[in-house]
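Close look at the chain arrangement
Residue strings, one per chain:
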Amino acid sequence: MTRLTLQVPFLDLKWQYEQLAVELDTELRQVSASGVYVGGEKNAAFEEAFAHFCGVRYAAAVANGTDALRLALLAMELRPGDEVITSPLTFMATVEAISQAGGVPRLADVEEDTFLLDPERVRAGVGPRTRGILPVHLYGQMAPMDPLVSLARERGLFLIEDACQAHGAEDGGRKAGSLGTLGCFSFYPTKNLGAFGEAGLVTTQEQTLWRRVCILRDHGQERKDWHTCEGYNARMDILQAVILRVKLKHLDVWNERRRRIAAAYACGLADLPEVRLPVERPGAKHVYHLFAIRVPDREGLGRFLRERGILTACHYPVPVHLQPALRRLGYGPGDFPRAEACAAGVLSLPLFPGMEEAQVQRVIEEIRHYFGL
Ligand SMILES: *Cc1c(COP(=O)(O)O)cnc(C)c1O
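Every value quoted in this text rests on a predicted model; they were computed, and no experiment measured them. (Residues numbered from 1 in each chain as written. Predicted model: local features only at pLDDT ≥ 70, side-chain atom pairs only at ≥ 80, totals over all residues. Heavy atoms only, no water.)

Glancing now at the pairing of strand 4 (residues 130–134). In terms of burial, strand 4 is largely enclosed, as five of its five residues are buried. Across four bridges, strand 2 (residues 83–86) lies against strand 4 in parallel orientation. The residue bridging Val84 from the neighbouring strand is Gly132, located in strand 4. In terms of strand pairing, strand 4 meets strand 5 (residues 158–162) through two bridges, oriented parallel. In the strand pairing of strand 5, Ile133 is matched with Leu159. What joins strand 4 to strand 5 is helix 6 (residues 145–155), and the crossover it makes is right-handed. (Buried < 20%, exposed > 50% of the residue type's maximum accessible area, 1.4 Å probe, protein only. Helix = DSSP H or I, 4+ residues; strand = E, 2+ residues; numbered from the N terminus. Pairing = 2+ DSSP bridges. Right-handed = clockwise from strand over helix to strand, strands pointing away.)

Time to look at the packing of helix 3 (residues 65–75) against helix 7 (residues 207–216). Interhelical geometry of helix 3 versus helix 7 gives an angle of 125° and a closest axis separation of 9 Å. Our classification of the angle between helix 3 and helix 7 gives oblique. The handedness of the crossing between helix 3 and helix 7 comes out as right-handed. Across the interface between the two elements, Leu71, Leu74 and Ala75 from helix 3 touch Leu209, Arg212, Val213 and Leu216 from helix 7. (Axes fitted to C-alpha atoms, helices over the stretch in contact; angles between N-to-C directions. Parallel < 35°, antiparallel > 145°, perpendicular 65-115°, else oblique. Left-handed = near helix turned anticlockwise from the far one by under 90°. Contact = heavy atoms within 4.5 Å.)

Near the ligand there are 15 residues, and of these Gly65, Thr66, Asp162, Ser186 and Lys191 occur at the shortest range. Within the backbone of Gly65, one N or O atom sits 2.7 Å away from an oxygen atom of the ligand. Ser186 places a side-chain nitrogen or oxygen 2.6 Å from an oxygen atom of the ligand. Protein chains bury 92% of the 380 Å² of accessible surface belonging to the ligand in isolation. Within the residue set of the shell around the ligand, elements represented by two or more residues are helix 3 and helix 4 (92–100). It is helix 3 that provides the largest number of residues to the shell around the ligand, a total of three residues. (Near = heavy atom within 4 Å. Polar contact = N/O pair within 3.5 Å; in protein donor to acceptor, adjacent residues only side chain to side chain. Areas by Shrake-Rupley, 256 points an atom, 1.4 Å probe, with all protein chains shown as cover.)

Looking now at the pattern of salt bridges. Applying the stated criterion across every chain yields a total of 21 salt bridges. Close ionic contact of Glu280 with Arg259 constitutes a salt bridge, the shortest N to O distance being 3.9 Å. Of this pair, Glu280 sits in the loop between helix 9 (251–269) and strand 12 (284–285) while Arg259 sits in helix 9, and the two are 21 residues apart along the sequence. Exposure remark for Glu280: the relative accessible area of 34% places this residue in the partly exposed category. (Salt bridge = Lys/Arg side-chain N within 4 Å of Asp/Glu carboxyl O.)

All chains considered together, the criterion is met by 14 aromatic pairs. Here Phe50 and Phe53 contribute two aromatic rings whose centre-to-centre distance is 5.8 Å and whose plane-to-plane angle is 35°, an arrangement assigned as tilted. Residue Phe50 and its partner Phe53 are both found in helix 2 (residues 41–54); the two are separated by three residues, about one turn of the helix. Residues Phe50 and Phe53 agree in their burial class; the two are buried. One aromatic cluster is present, built from ring pairs that chain together Phe46, Phe50, Phe53, Phe185 and Phe187. Just above the ring of Tyr232 sits the side chain of Arg70; from NZ or CZ to the centre is 5.7 Å. Directly above the ring of Phe304 sits Arg308, whose terminal nitrogen or CZ lies 3.6 Å from the centroid. (Phe/Tyr/Trp six-rings, centres within 6.5 Å; stacked < 30°, edge-to-face > 60°. Lys NZ or Arg CZ within 6 Å of the ring centre and 35° of its normal.)

All right, on to the sheet that holds strand 5 then. One open sheet holds the seven strands; their spatial order is 1-9-8-5-4-2-3, and the pairing between them is mixed. Both outer strands of the open sheet, strand 1 (58–62) and strand 3 (104–107), are each paired with one neighbouring strand and no more. On average, each strand axis in the sheet is inclined to that of its neighbour by 25°, with strand direction left out of account. Two strands pair when backbone bridges link them, and strand 1 and strand 9 (residues 200–204) are joined in this way by five bridges, in the antiparallel orientation. If you follow Ala61 over to strand 9, its bridge partner there is Leu201. Sheet strands in contact with helix 6 are strand 4 and strand 5, and its direction is about 150° off that of strand 5.

Along the polypeptide, Leu373 turns up in the segment after helix 12 (357–370). Here Leu373 falls in the exposed class, since its relative accessible area comes to 57%. Through-space distance from the C-alpha of Leu373 to that of Asp225 is 68 Å; in sequence the pair is 148 residues apart. In this structure, Leu373 is in contact with Leu272 and Arg368, ignoring residues within four places of it in sequence.

On to unusual backbone geometry. The omega torsion across His315 and Tyr316 is 5°, close enough to zero to call that bond cis. Structurally, the position occupied by Tyr316 is in the loop between helix 10 (298–307) and helix 11 (337–345). Even without being a glycine, Glu77 presents a positive backbone phi close to 50°. Inspection of the secondary structure puts Glu77 in the loop between helix 3 and strand 2. Unlike most non-glycine residues, His219 shows phi in positive territory, near 55°. Mapping His219 onto the fold places it in the loop between helix 7 and strand 10 (221–223).

Pasting the structure below:
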């Protein structure tokens, strides 16, 4: 490259801090000076705020998104051999949580256009050992919840939402985390709502399940020095809770920015026949944790953009059923053709709330240039 060009990072986490530096620094200093670093009312205040945001009665703050999934599944008290159906197109944590909670992961293919768990494939996969369904709200869009809720009711199954990529997403006006038996969130720094480290949370409408998660996250303590089960250390730090409570107030605005950037991408790339754009389900509010396009030569386009100072990523190049760690599940190539086709072609474009209009236009231009326009 000879001329100086505008660099486009895949995401920029410093931007959020710079926006809120004064308020965040004040909160951080208060916690530092308080001498109280774990548990207590600051965590309860964040739990209450996030439950309100999702439109649910209860929220339990935990150490990370994987713990949220694991503790939600443990709260369902799986028996050996109980199966939970999820998507092959997800982060490894979704499947690990099922195994670590004592269940057997089963997979069902995704929808052709949205890459979300296909309710028809789930229905076909429900068997005598199925106990629950674990849809993944991939890339920031909720899985088709109405048919999944009906199926779960009909067959007496629990429904746990992996909402780790979908803070604030909606389906028919109802928020992610409010439609399942339990909802699981991650606040890993790169997520739509991100901590300064690891954090997660479980939502539910049922008090008994909420109590169970709260007991499990704190070594099975029902009250001080009284352990009614063997649990875990899966508590959220107060520092994360105060940061998240400040940031939560800005989440709707940040999600709107994400949606506007996504709309600009969709508009700028609409006439390229080689590019398959993300599809929004009718009635859904997608919050674009990721903007994943599908192209014939993902590596080629990724390299072309990188050489021009534009960074992309891939979520996920290998679907979970083809991961060596999960060979024991007995799946192989060809078992979930839609998930495999997605994994072979998806490329996540740069997208973060602080992204400038000029950066968005530059990405569009270079992609058009790659395709000869
Ligand atoms: C991030 C993520 C998780 C795990 O969250 P951690 O906080 O990293 O443990 C689980 N599922 C999905 C779909 C995710 O994107």
